[in-house]
Each structure stands twice: as structure tokens, then as C-alpha cells.
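# Report on the structure
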Amino acid sequence: MLKLLLKLPLYWLYRQFGWPLMMPFSIVVSVSYRCNSKCRTCDVWRKPNNDLTLAEWTRVFAKIGRGPLYFTFTGGEPFLRKDIAELALSAYTLCQPSVITIPTNGLLTQRIIEQVDRICAGAPTANIGLNLSLDEVGERHDDIRLVPGNWQKAMATWQGLKNLQKRHKNLVLTTHTVISNYNIDRFFEIYAGLEFLQPDSYITEIAEERVELDTVGWEITPTAATYAPIADFLSQKASERQVSGLARVTQAFRANYYQFAKRTLFEQRQVIPCYAGWASCQIAPNGDVWSCCIRAESVGNVRAHDYDILPIWRGAAMAHLRRSISQGECYCPMANAAYTNMVCHPLTLAKVAAQVAWYALF
């Protein structure tokens, strides 16, 4: 983390002037569009697949090399790939990230436990975050996911992960709720109904109309007015959470994120500068490189560049996309990019530091 803080002025210069060239420190790897859920807030499972193989991903990670702090392996459902552990460990070996995060719907209980066990054992110096997606409680969750028995299978997976955590101290277990027009009216009941799981962290994200998920025009995003009291509640809970050390810093960022998400919905603009395309990016299952999954605009494919994102990163298509982003032609409350943006925002950094210091004193 200290190394990243020392690099932040370089990212500020890079976004402002295009120099010096900096590679992203947060990379989202979409391993497949395949999914065994049929969620009311996502249509990604219908998309065609042309997934990079493990050997191809290994070449991508080798070209990236050391530098990224944070990798997210997402889908679809990442654990539908039987080689997900090999993928994560390849990135760990070749890129040495500090954090690896994988979301899951929890349906493939045995495979998830086995693969997470292997990742934790093979990446001992990284924090391995496993995010279990739970959008409701009990059969209501099954109804949103359109998979009968999803809740029961997710609970079995959670119990297995809790047992696994006793052996692997680098395993961080998180529950994750997508807040949409399907569950926002029951959010406080959902929050209370999930507390018994006692996760290391509870996070939420707003359902969005994404090109990646083929959900443009679905009207799944809550209004600013309905989301505002939830954002305030979540910020308060994050501020009150009794944790220390790095977890305290994480909670401070989270408390601020919910307020940024609320402001984004109200103001319909980038409330802080977006660094997608400078400090963060996403690589699609077929090797397309995007600034983020909201716009999902390909600026090149690694298969056409010897599996090297560098020529894509400094290419004309990416430069054009960066101009669009810097001019505020898009905005969103997407959590993954928002946390990167907050790290790169001096005022937010100062605010988080003050909140952490205040907590330490009192």
C-alpha cells in the first residue's frame, strides 16, 4: 500500500498530462460470461463465449508483470471454470498482487471450497477475498436469481468457507448485495436477515444498466431518492464497525463510497475524477481490453498484440476513450472503479486519513 501511495502523484500527472506512462494497479479479469444463475438484474449468461485459455491468460499476466496491487476475477460465475485456481495463482506468481478477489453465487459448493483452498495455500502473501452474492433472504433470493435452491446451496458454501477460514488466515469472507428495484423496498430487512452470517465485511452495489451485462434499458437502477436513506445507513454502519488496522482504512473508504454513489445518482455526473483507463481496467473473457465494464468499449484485443496490454494501453483508441472519460461524458456509481477513484483523489484520501486518526484517538 505504501508503494502505491508513493506512486499516486504519477497517476495524477498521467491523467492530467498523459505522462509518465503508468500501468493500472487495479485489474478486473473476466474469465467467462458463462453463469449458472439467471438473475433478474443480469443477462450476461446469454452472451457467446470465446474464453482465453489458461495458457493465454498466463501469457497476459507474464506481460503485465509485477505492479498491480489488486486483481478481481469475475464472470459470469468464475467457478464454472475448473481452472480458476490455476488462473488466480498464475496472476499471483507473475504479478505479485496484494489482493485477489473473486465473487461467486455459491452454487458449486464443493468446487468453490476446493478451489479457494488451493488459492489460499498457493498465494500466502496475498489477501484472498471471497464475495458471496446474496440479494435477498431465503426463497426471495432464489426468486431474484431464478434458481430454485440457490439460497440453500449458498448457505452450504458459506459454512464450508467459514471452516476453510480456520486454516487460512489470508481468506477474507464478504457478503455482497446488489441493490436493485427488485429488493430496495426490503433492504433493511435484508440487511438484518444476513447479519447472522457474520462476514468479515458486508458490501453493497447499485444495480446498473451495463453494456457488459446486456442490461441497458432494463430500468433496474433505484432512484436517488429511494437509495439515499440506504446510503446514509450503510455509511453510518461502516463508520461504526469495530475494526482496526487496515480494516479500519477499508471501512472508512466504504463509508465514503456510499455517499459518492448517492451523489452520483442525484447529480448525474462524475463527483470525483474517474481513473478508469489510467489506474484501472478490465479484460474481457475474449481478451478485449476495456476501461471499465459499464461502457465495455474495446480498445484492442490481447490476442492481436501477442497477449501484451501495453501497446493497447498506449494506443490511439485508449487515448480517445480517456478523453471522453476526462471530459465527463460518462458517470456511474460502480464500486470497483469507485474505490480506485477514491484512492487517487487527494481530498478523499485526506478525509479517510482524518477519519482513521479520529477513530484511533477516540
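What you see is a predicted model; the values in this text were computed from it and never measured. (Residues numbered from 1 in each chain as written. Predicted model: local features only at pLDDT ≥ 70, side-chain atom pairs only at ≥ 80, totals over all residues. Heavy atoms only, no water.)

## Describing a nonpolar patch on the surface
Judged by side-chain polarity, Leu10, Leu13, Phe17 and Trp19 come together as a nonpolar surface patch covering roughly 460 Å² of accessible area. Relative to the helices and strands, Leu10 is located in helix 1 (residues 2-17). (Patch = residues over 30% accessible without salt bridge, like charges linked within 9 Å, V, L, I, M, F, W, Y side chains within 5 Å. Areas by Shrake-Rupley, 256 points an atom, 1.4 Å probe, with all protein chains shown as cover. Salt bridge = Lys/Arg side-chain N within 4 Å of Asp/Glu carboxyl O. Helix = DSSP H or I, 4+ residues; strand = E, 2+ residues; numbered from the N terminus.)

## Things to note about the environment of Lys153
Its place among the elements puts Lys153 in helix 6 (residues 150-165). Accessibility expressed as a relative area gives 42% for Lys153, which makes it partly exposed. Each C-alpha atom of the pair Lys153 and Gly106 lies 6.4 Å from the other, and the pair is 47 residues apart in sequence. With sequence-adjacent residues up to four places away left out, Lys153 is seen in contact with Gly106, Leu107 and Thr109. (Buried < 20%, exposed > 50% of the residue type's maximum accessible area, 1.4 Å probe, protein only. Contact = heavy atoms within 4.5 Å.)

## Points about unusual backbone geometry
Residue Pro20 is reached from Trp19 by a cis peptide bond, and omega for that bond is -5°. Mapped onto the elements, Pro20 comes out in the loop between helix 1 and strand 1 (26-30). Along the chain, Gly75 connects to Gly76 via a cis peptide bond; the corresponding omega equals 15°. Among the structural elements, Gly76 can be located in the loop between strand 2 (70-74) and helix 3 (84-95). In the Ramachandran plot, Leu146 falls in the positive-phi region, its phi being about 55° despite a non-glycine side chain. With respect to the helices, strands and loops of the structure, Leu146 is situated in the loop between helix 5 (139-145) and helix 6. In this structure Leu146 comes out as partly exposed when scored by relative accessible area, which is 42%. We note that Gln268 has phi near 55°; this positive angle belongs to a residue other than glycine. Within the element layout of this structure, Gln268 appears in the loop between helix 9 (246-267) and strand 7 (280-283). Judged by its relative accessible area of 43%, Gln268 is partly exposed.

## Description of the packing of helix 2 (residues 54-64) against helix 3
Packing of helix 2 against helix 3 leaves a shortest axis separation of 9 Å and a crossing angle of 20°. Considering the angle they form, helix 2 stands roughly parallel to helix 3. Judged by the sense of rotation from one axis to the other, the crossing of helix 2 with helix 3 is right-handed. On helix 3, the residues that touch Leu54, Trp57, Thr58, Phe61, Ala62 and Ile64 of helix 2 are Glu86, Leu87, Ser90, Ala91, Leu94 and Cys95. Taken together, the residues of the contact of helix 2 with helix 3 sort by class into nine nonpolar, two polar and one charged. (Axes fitted to C-alpha atoms, helices over the stretch in contact; angles between N-to-C directions. Parallel < 35°, antiparallel > 145°, perpendicular 65-115°, else oblique. Left-handed = near helix turned anticlockwise from the far one by under 90°. Nonpolar A, V, L, I, M, F, W, Y, C, P; charged D, E, K, R; others polar.)

## Remarks on the packing of aromatic side chains
Applying the stated criterion across every chain, the model contains 13 aromatic pairs. Aromatic side chains Phe187 and Tyr191 sit 6.3 Å apart centroid to centroid with 50° between the ring planes, which places their arrangement in the tilted category. Here Phe187 and its partner Tyr191 are both found in helix 7 (residues 187-194), four residues apart, which amounts to about one turn of the helix. Side by side, Phe187 and Tyr191 carry an identical accessibility label, which is buried. Pairwise contacts between aromatic rings join Phe187, Phe188, Tyr191, Tyr202 and Phe233 into one cluster. For the cation-ring pair, Arg15 lies above Tyr275, with the distance from its terminal atom to the ring centre recorded as 5.3 Å. (Phe/Tyr/Trp six-rings, centres within 6.5 Å; stacked < 30°, edge-to-face > 60°. Lys NZ or Arg CZ within 6 Å of the ring centre and 35° of its normal.)

## A word on the sheet that holds strand 4 (residues 127-133)
Pairing within the open sheet is mixed, and its eight strands lie in the order 6-5-4-3-2-1-7-8. Strands at the two margins of the open sheet, each flanked by one partner only, are strand 6 (201-206) and strand 8 (289-290). Strand direction decides the pairing type here: strand 2 and strand 3 (residues 99-104), joined by three bridges, are parallel. Bridge pairing in strand 3 places Thr72 opposite Thr101. Strands strand 1, strand 2 and strand 7 of the sheet are contacted by helix 2, whose axis makes an angle of about 170° with strand 1. Strand contacts of helix 7: strand 5 (171-179) and strand 6, with the helix running at about 155° to strand 6, the strand carrying the most contacts. (Pairing = 2+ DSSP bridges.)

## Observations concerning the pairing of strand 1
Along strand 1, five of the five residues are buried, which leaves the element largely enclosed by surrounding structure. Neither face of strand 1 is left uncovered, since the one carrying Ser26, Val28 and Ser30 and the one carrying Ile27 and Val29 both have all their residues buried. Relative to strand 2, strand 1 is paired through five bridges, and the arrangement is parallel. Across the sheet, Ser26 pairs through a bridge with Tyr70, a residue of strand 2. Read as a crossover between parallel neighbours, the route from strand 1 over helix 2 to strand 2 is right-handed. (Right-handed = clockwise from strand over helix to strand, strands pointing away.)

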